[in-house]
Amino acid sequence: MKENKMNVLVLGVSGAGKSTLIKAISGQEIITTPGKSNTQKIEVYESSTWPIRCIDTKGFEYSFFEQHKTISQVKKFNKNDNKNYGLDAVWYCIEGTSRRTFEHNIKLMNKAIKEWKNIPLFVVITKSYSETDIPENIAAIKEAFEKYKKLNLKGIIPVVAQEYVINEETTVAPTGVEELCLKTLDSMDEAKEINKENRERMVVEQKRFTANTVIGGCTASAVVVGAVPIPFADSLILMPLEVGMTKLIFKIYKIDYSNKLIMSIVESTIITTVAKSIITVLPIAGPVVNGVVAGAIVFALGESVVAVSEMINSGKFNTKQIDEITEFVGKKVKTNPIIKETAKYIENNKDKIKDKSAKEIFDEVKKSINK
Ligand SMILES: Nc1nc2c(ncn2[C@@H]2O[C@H](COP(=O)(O)OP(=O)(O)O)[C@@H](O)[C@H]2O)c(=O)[nH]1
Ligand SMILES: [Mg+2]
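Residues numbered from 1 in each chain as written. Chains lettered and ligands numbered in written order. Predicted model: local features only at pLDDT ≥ 70, side-chain atom pairs only at ≥ 80, totals over all residues.

Here's the deal with the environment of Lys111
(1) Moving on: If you trace the backbone, Lys111 turns up in helix H3 (residues 102–112).
(2) Moving on: The class for Lys111 is exposed, based on 12 C-beta atoms found within 10 Å.
(3) Moving on: As a C-alpha pair, Lys111 and Gln67 span 44 residues in sequence and 9.4 Å in three-dimensional space. (Helix = DSSP H or I, 4+ residues; strand = E, 2+ residues; numbered from the N terminus. Buried ≥ 20, exposed ≤ 12 C-beta atoms within 10 Å, placed from the backbone.)

Printed below as a string of structure tokens:
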């Protein structure tokens, strides 16, 4: 523990999903790339949401030599401080889609952490896209751990760090990061001092971060999908994207939604009302402008669904109140600053727009809001 943050060593073979997991943690920022050579084996990230510092390792499975280098860099990093702190936990990442290799991987990991006996160990089943596989994966990992009773196994946690598109209709929502972080905190005595409100704030921040990542992806797709040379205000091209995004956000918030609720929300904000009002004030039209407007609408919808999800979770709405929720979302979308800013930007930059892509313009609009 250093500056009240837990040091978590993230292990796993290359491709297991270590970096993706770390990037999915809210508030994470790289704090150091110790050393500068290209033999660098670790990267350290610190979260401003969670009292957690993640040490990302690379090149694990290649050879004993590589493993040794990685571990010695981790040790050096840990000593590189006058308070002599050590590791507080290990997250061992193992791919949920590769049960055959569990035993072998756990053997590797056991070797790697023998220097840190007793350390709380969490097995993260990454890429846990298939819910039906989860119980079998957990059982297989437990079985493989029978041989390693000395290890301080504290939990086996299935995670989807980033949404995963199965097909046009189905996308698996991110899940498990909050549970992993909360359980990691609970493995330390010092963390017991973190009160309930603080824990709740961390979970809220984490969910918002996860949802914002999803919104970012959907918005980028909307900018592309929307930039088509057809009469925008009459098209329904954005609808599948909006339905998909709304469902994903509800899943992130573990909200039990009905399709009726989703359709009602999406229909209320779609093109017909919001976009028509923007487009009629626009001095020019065309595919590029359509793309930017599409991005703005999807972004505003995403933020509104996040707001409503937080209200549902705190008991201010329930999912049966379809009319109330729909009205709330509709108002939120229309009053989202991005809507006004989009119209203003296009009005003020008529000449520039010709030479730019929808994405470039949309990024500039977003920047002007953040100012
Ligand atoms: N969609 C999705 N892809 C993932 C997830 N975790 C890992 N991946 C993908 O798996 C590959 C390897 O992941 P990475 O984090 O680079 O693994 P690392 O080598 O352990 O750091 C990348 O293409 C990731 O995008 C996840 O939760 N969802
Ligand atoms: Mg990596």
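Considering unusual backbone geometry
(1) Moving on: The backbone of Lys127 sits at a positive phi, close to 55 degrees, despite the residue not being glycine.
(2) Moving on: Turning to its location among the elements, Lys127 is positioned in the loop between strand S6 (120–126) and helix H4 (134–145).
(3) Moving on: Of note in this structure, Lys254 is not a glycine but carries a positive phi near 55 degrees.
(4) Moving on: Secondary-structure assignment places Lys254 in the loop between helix H7 (239–252) and helix H8 (259–269).

Let's talk about the site of ligand 1
(1) Moving on: In the region of ligand 1, 14 residues are neighbours, and Gly17, Lys18, Ser19, Thr20 and Ala161 sit closest.
(2) Moving on: It is helix H1 (residues 18–23) that contributes the most residues to the shell around ligand 1, three residues altogether. (Near = placed C-beta within 6 Å.)

Remarks on the nonpolar core
(1) Moving on: The biggest cluster of nonpolar side chains holds 50 residues, and the ones touching the most others in it are Val10, Tyr92, Phe122 and Val124.
(2) Moving on: Here this core gets six residues from one element, more than from any other, and that element is strand S5 (residues 89–95).
(3) Moving on: Every residue in contact with Val124, bar those within four places of it in the chain, is listed here: Leu21, Trp91, Tyr92, Cys93, Ile157, Val159 and Leu180.
(4) Moving on: Ranked by size, the runner-up nonpolar core spans 44 residues in total, among them Ile249, Phe299, Ile325 and Ile361. (Core = buried A, V, L, I, M, F, W, Y, C linked by C-beta atoms within 7 Å. Contact = placed C-beta atoms within 7 Å.)

Digging into helix H14 (residues 358–370)
(1) Moving on: Relative to the 18 Å expected for 13 residues at 1.5 Å per residue, H14 spans 19 Å between its end C-alpha atoms, a close match to the ideal helical length.
(2) Moving on: Those residues of H14 that fall on the buried side of the exposure criterion are Ala358, Ile361, Phe362 and Val365. Projection of H14 onto a plane perpendicular to its axis shows the buried side chains occupying an angular sector of 100 degrees, all on one side. Opposite the buried face of H14, at more than 90 degrees from it, the exposed residues are Lys367 and Asn370.
(3) Moving on: Residues of H14 that are buried sit in contact with helix H6 (196–226), helix H10 (287–313), helix H12 (337–348) and helix H13 (350–353). (Expected span 1.5 Å × (residues − 1). Arc of directions from axis to C-beta.)

Take it as geometry only, folks, not as evidence of what the structure does.
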